[in-house]
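Observations on the three-dimensional arrangement
As a plain string of letters, each chain reads:
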Amino acid sequence: MRFSSWRALSVAVLASLFVGAAPAAAQRPTAEQAQMLLRARPDLIEQLRKRVAESGLSPDQVRARLRAEGYPETLLDQYLPGATGTPDARLRDSATTALKSLGLVDSLDLMDGTGLVAAELDSATGARRDTLLRFLRDTLGLDSATIARRLRTPKDSLRYLRELFEARQEADSGLRIFGLDVFRTGAAQFQPNLAGPVDPSYRLGPGDRLVLLLTGDVERSYDLEVNREGFVFISDVGQVFVANLTLGQLEDVLYTRLGRSFSGVRRGAGATTRFSVSVSRLRTLQVFVVGDVERPGSYRISAAGTAFTALLAAGGPSVNGSLRGVQVKRAGKVVATLDGYAYLLKGDATNDVRLDNGDVVFVPPHGPRVRVTGRIVRPGTYETREGETVADAIALAGGFASAAERRKVTIERIVPPAQRQAPGRDRVVLTADGEQAAAALRTADGDVVRIGQVADRIANRVTVKGNVWNPGPIGLGSGLTVRDAIRAAGGLRPDTYLGRVLVTRMRPDSSKVQLRAAFTDTTGGVTEDFPLAPDDEIQVFSLNDFRSRRYVTIAGAVRKGGRFPYREGMTLRDLILLGGGLDQSASLVEAEIARLPESRANGATATTTRVPMDSSYLFERAPSGRYEGPPGLPAAASGGRDEVLRPYDNVLVFRQPDWELQRLVWITGEVKYPGRYALIQKVDRLADLVARAGGLTTEAYPEGVHFARSRDSIGRVAVNLPRALRNRDDADNIVLVDGDSIEVPRYTPVVSVKGFVNSPTAVALRGGADILFYVRSAGGSAKRGDVARAYVVQPNGLVETIRKWPWWVPLPANKPVPKGGATVIVPETDPSDALRTQQTFTQILSVVSILTPIFAVIIAQRI
């Protein structure tokens, strides 16, 4: 197996470690994403070794299981007890795949890699970032629009993805406790409206405010508040006791009391005065929420509030609290028990009683909990009751997902303490074979119910690939033949190879056999047709699959030279058009075509042919037909013959000898006519340009000329302009090239002193003064300055240094004399100079110490 194929196989199964056995295949990371996690988390290798050791399987048993699963039996040798180091990269990912298939690792073991992809995305660019974004789409179910909207900056990407990973990790694993998130979204929005209205069963009490309206013969309105004794006072009527009455009961009372004062108030159609009463403001109650809740304490809630309202105000049950046994206590007695699951799962608020002042809402510790994960509608951890079964737990989780494997439900159970024996055997796995078995198996606290996925294999199909109009899978009907499958795939394309069609068939042992047939014509008729079997793959070939990629090449004086696909009948003119047309420097005399030789005897690799060209190859023309390019080419087209090309021809379009555009140079400063000039001849020199510019002005300073050459990034060139103007043949009268720039400045009687001097400055020019005078004028050399290597940059760019004669030559040092506009530079002392001087002195002392005894002996002998 090739390296890349082996690695892709292994990493693909490792990917299932991160998402788990239960989630859909579409949620599993790709091979590249799994590789990324292993590179960032080398500690996972040790986790895999530990899991193998804890499995209780001997090395021989592990190898036997590997053989049974279709893996090489030595695949996990580097993970068996006693192995050290990092496994080979080609085997590492395959090994994790095998561990998963053998049931030695769980999806949750490696889910602590949360945020890794987010961290990589923070710095990833290009193809790497695209890969990570594909991971988000596939694994987290995000669409491209959401990604584009949320991942605006690397910082946002990191924070958002970490939150998303954590939420998805908890949801897919079933670790999220069902129902608690309802209470974490903010309790204020669930408070009942203190301004009413209320349902007919609401009982009035002190603090409620009522609105009474009379219409008809009497038009009045009353704003009534229930006092502490439970009365409201109505003018012209008197006190009316309303405490603990419902609105319906209050209406009966008002018919009696209002009828005494207003004769038109009566029941039935004969009433001439009618009334309506409503609650405009509700009183508040003080209740207590205690037990395993997020924020236990005293709360004031609306009189219309219920036990669920109080729970919302207190933040809901804590992680240890129960949702299925919430008690409402009044005067020390339990008056109601609330099952929160009935409210959350069915919307049943029957037991959600309305609270009274001083009521206590008590949340006891949770009962048995079961985690349901896998191919389930709502993975999570659910609280169960005595006698509930695995089927009940699955129902609490929303039931099976569409791709769930219902024929087998796996339950991981903690062995009850009384039944535990040897250490390491405290967990067991139970299997419920079918939904009936799940309904008969009761749950226990700590159970993990895993719902697997149906097999990915798609049965009863064949696949058509290749040169058909609609390739893809096709349902396998009774008696379906190759011809039928081709027609179902839309039929053959016109360029189909008719000589053979291949049919690959898989045997029961997963080995494959090759079958074949042939087409009679492009209608899809098949010679010796035969019926197809499940999972057959039909491969149809195109004639284009067998053709070499033929091309032709053009180079030279064309605008876009390069390689172009060859087309039968292609001509030289066609190829020049594809190449963007001729360049303005092209020669229309002839072009050269290099062609593959008929015979390669004597080492021949090509034969060349010269073909004539004319002005008809010039496509740059006005509507009148006039050529609009530069001069030097014919104006009219003669319509010469066109050369037909062959595959792999190489066309070279020659350029006109010595052709080029104008050479442009700049001259500025103190000349009479500064500007940009085009050179007349290739041998134009500096003096010629100065003469064309009208010569120098009276203020010109030719000794300070600044000559710069941009070609080849040369930069400034030191020239002696006075000498060039006096003698045309002087070396300083250099030949000009395109892009040269000449500046003639005015005279500047100043010398600049820079570098490692005590006071870099500009000094007035003193005629005849040498370089050392200007160094002294700048305060002398600094501590790190090296006067011996000081130099002068003369105004024309020439650099002069202090020249020292050898110690045996009795001549003074030659010190350069700066001119006006020059710059004196004192460089930094080279630290290596002092080291070399010390080494030289040491060598001299060594030689002297050797020679001294010899001289002493010689002198003694003479004496």
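Residues numbered from 1 in each chain as written. Predicted model: local features only at pLDDT ≥ 70, side-chain atom pairs only at ≥ 80, totals over all residues. Heavy atoms only, no water.

Let us now look at the overall build of the chain. Scanning the chain from N- to C-terminus turns up 21 helices and 36 strands. For the chain, the proportion of contacts with a sequence separation of at least 24, taken over those separated by at least 6, is 61%. Of the roughly 46,900 Å² of accessible surface on the chain, 52% is carried by carbon and sulfur atoms. (Helix = DSSP H or I, 4+ residues; strand = E, 2+ residues; numbered from the N terminus. Contact = heavy atoms within 4.5 Å. Areas by Shrake-Rupley, 256 points an atom, 1.4 Å probe, with all protein chains shown as cover.)

For the rest of this paragraph, the subject is the packing of aromatic side chains. In total, this model carries 12 aromatic pairs according to the counting rule given. Measuring from centroid to centroid gives 5.3 Å for F183 and F308, while their planes differ by 40 degrees, and the two rings are tilted. One end of the pair, F183, is in helix α10 (residues 180-183); the other, F308, is in helix α12 (residues 307-313), with 125 residues separating them in the sequence. An angle of 40 degrees between the planes, with centres 6.1 Å apart, marks the rings of F541 and F546 as tilted. For F541, a relative accessible area of 22% corresponds to the partly exposed category. Grouped by ring-pair contacts, the aromatic residues F178, Y341 and Y382 constitute a single cluster. The cationic tip of K329 hangs over the ring face of F362; the distance from NZ or CZ to the ring centre is 5.0 Å. Directly above the ring of Y551 sits R563, whose terminal nitrogen or CZ lies 3.8 Å from the centroid. (Phe/Tyr/Trp six-rings, centres within 6.5 Å; stacked < 30°, edge-to-face > 60°. Buried < 20%, exposed > 50% of the residue type's maximum accessible area, 1.4 Å probe, protein only. Lys NZ or Arg CZ within 6 Å of the ring centre and 35° of its normal.)

So, on to a nonpolar patch on the surface. Nonpolar side chains collect at one region of the surface, where V847, I850, L851, I854, F855, I858 and I859 lie side by side and expose about 620 Å² of accessible area between them. Among the secondary structure elements, L851 is positioned in helix α21 (residues 831-862). (Patch = residues over 30% accessible without salt bridge, like charges linked within 9 Å, V, L, I, M, F, W, Y side chains within 5 Å. Salt bridge = Lys/Arg side-chain N within 4 Å of Asp/Glu carboxyl O.)

Among the nonpolar cores identified, the biggest contains 40 residues, and L311, V409 and V449 are the most heavily contacted of them. Residue contributions to this core peak at six residues, all from α12. Those residues in contact with V449, other than ones at most four positions away along the chain, are V370, R371, V372, T373, V390, I394, V409, T410 and I411. Counting residues in each nonpolar core, the second largest holds 29 residues, with V198, L210, L258 and L282 among its members. (Core = buried A, V, L, I, M, F, W, Y, C linked by side-chain atoms within 4.5 Å.)

Right, let's talk about the pattern of salt bridges for a bit. Under the definition given, this model contains 33 salt bridges. We note a salt bridge from D732 to R723, for which the minimum N-O separation is 3.3 Å. Linked by salt bridges that have partners in common, R209, D223, E225 and R281 make up one network.

Moving on, we come to the confidence of the model for the chain. Per-residue pLDDT for the chain averages 81, and the proportion of residues at 70 or more is 75%. This model gives residues 88-93 a pLDDT under 50, and the stretch forms 21 contacts once residues within four places in sequence are excluded. Here residues 99-116 is a poorly scored stretch, pLDDT under 50, and it has 59 contacts once near neighbours within four places are set aside; other chains count. (pLDDT = per-residue confidence, 0-100.)

Moving on, we come to the sheet that holds strand β10 (residues 360-363). By definition, the strands of a sheet pair up through backbone hydrogen bonds, in either a parallel or an antiparallel sense. If you trace the five strands from one edge of the open sheet to the other, you get β7-β6-β10-β8-β9, paired in mixed fashion. Two strands close off the open sheet at either side, each with one partner strand: β7 (297-302) and β9 (333-338). Adjacent strand axes in the sheet meet at a mean angle of 30 degrees, parallel and antiparallel pairs treated alike. Pairing of strand β6 (residues 284-291) with β10, which is carried by four bridges, proceeds in the parallel orientation. Bridging from a neighbouring strand, F288 pairs with V360 of β10. (Pairing = 2+ DSSP bridges. Axes fitted to C-alpha atoms, helices over the stretch in contact; angles between N-to-C directions.)

Our focus in this paragraph is the environment of V775. Structurally, V775 is set in helix α20 (residues 771-777). Sequence-distant contacts of V775, defined by excluding residues within four places in its chain, comprise V757, G780, S781, V824 and V826.

Our focus in this paragraph is the environment of R375. For R375, the position within the fold is in the loop between β11 (369-374) and β12 (380-383). Considered as a pair, R375 and R406 are 31 residues apart in the sequence and their alpha carbons are 9.6 Å apart.

Looking now at empty space enclosed by the protein. The full count for this structure, using the stated rule, is two cavities of 30 Å³ or more. Taken together, I177, F178, L180, P317, G321, L323, Y341, R369, T381, Y382 and E383 make up the full set of residues lining the second largest cavity. Element by element, the count of residues in the lining of the second largest cavity is highest for β12, at three residues. Classifying every residue of the lining of the second largest cavity gives seven nonpolar, two polar and two charged. (1 Å grid on protein atoms, 1.4 Å probe; cavity = no way out; pocket = protein on both sides within 12 Å on 5 of 7 lines; lining within 4 Å. Points joined across faces, edges and corners; volume = space filled by probe spheres on them. Nonpolar A, V, L, I, M, F, W, Y, C, P; charged D, E, K, R; others polar.)

We now examine helix α11 (residues 247-261). Taking 1.5 Å of rise per residue, 15 residues should cover 21 Å, and α11 covers 21 Å from first to last C-alpha, within 8% of that figure. Taken together, the buried positions of α11 are L247, L250, L254, R257 and L258. Where α11 is buried, its residues meet β1 (209-216), β3 (231-234), β4 (238-241) and β5 (273-281). (Expected span 1.5 Å × (residues − 1).)

A separate point is the pairing of strand β17 (residues 472-475). Here four bridges tie strand β16 (residues 461-466) to β17, and the two strands are oriented antiparallel to one another. Bridging from a neighbouring strand, T463 pairs with P473 of β17. Counted between consecutive antiparallel strands, the loop separating β16 from β17 contains five residues.

Turning to the pairing of strand β27 (residues 664-669), a few remarks are in order. Successive residues of a regular strand alternate their side chains across the two faces of the sheet. The pairing of β27 with strand β28 (residues 675-678) spans four bridges and is classified as antiparallel. From the neighbouring strand, V665 faces β28, where its bridge partner is Y677. What sits between the antiparallel neighbours β27 and β28 is a turn of five residues. Bridge analysis of β27 against strand β31 (residues 741-744) gives four bridges, and the strand direction is parallel. The residue of β31 that forms the bridge with I667 is I742.

To continue, consider the sheet that holds strand β15 (residues 448-453). In space, the five strands of this open sheet follow the order β12-β11-β15-β13-β14, with mixed pairing throughout. Looking at strand neighbours, the two that pair on one side only are β12 and β14 (427-432), the edges of this open sheet. Here the average twist between neighbouring strands, direction ignored, is 25 degrees. Pairing analysis gives five bridges linking strand β13 (residues 404-414) to β15, with the strands arranged antiparallel. Bridge pairing links T410 to R450 in β15.

Another point: unusual backbone geometry. Positioned with a positive phi, D658 is a non-glycine residue whose angle comes to about 60 degrees. With respect to the helices and strands, D658 occurs in the loop between β26 (650-655) and β27. Positive phi, normally seen in glycine, also occurs at D712, with a value near 60 degrees. By secondary structure assignment, the location of D712 is in the loop between β29 (706-709) and β30 (715-717). Relative accessible area serves as the criterion here: at 64%, D712 is assigned to the exposed category.

For A397, the location among the structural elements is in the loop between α14 (390-396) and β13. On the basis of relative accessible area, A397 is assigned to the buried category, the value being 0%. Between the C-alpha atom of A397 and that of P379, which follows or precedes it by 18 residues, the distance is 6.1 Å. When near neighbours in sequence (up to four residues on either side) are disregarded, A397 contacts V372, I376, V377, R378 and Y382.

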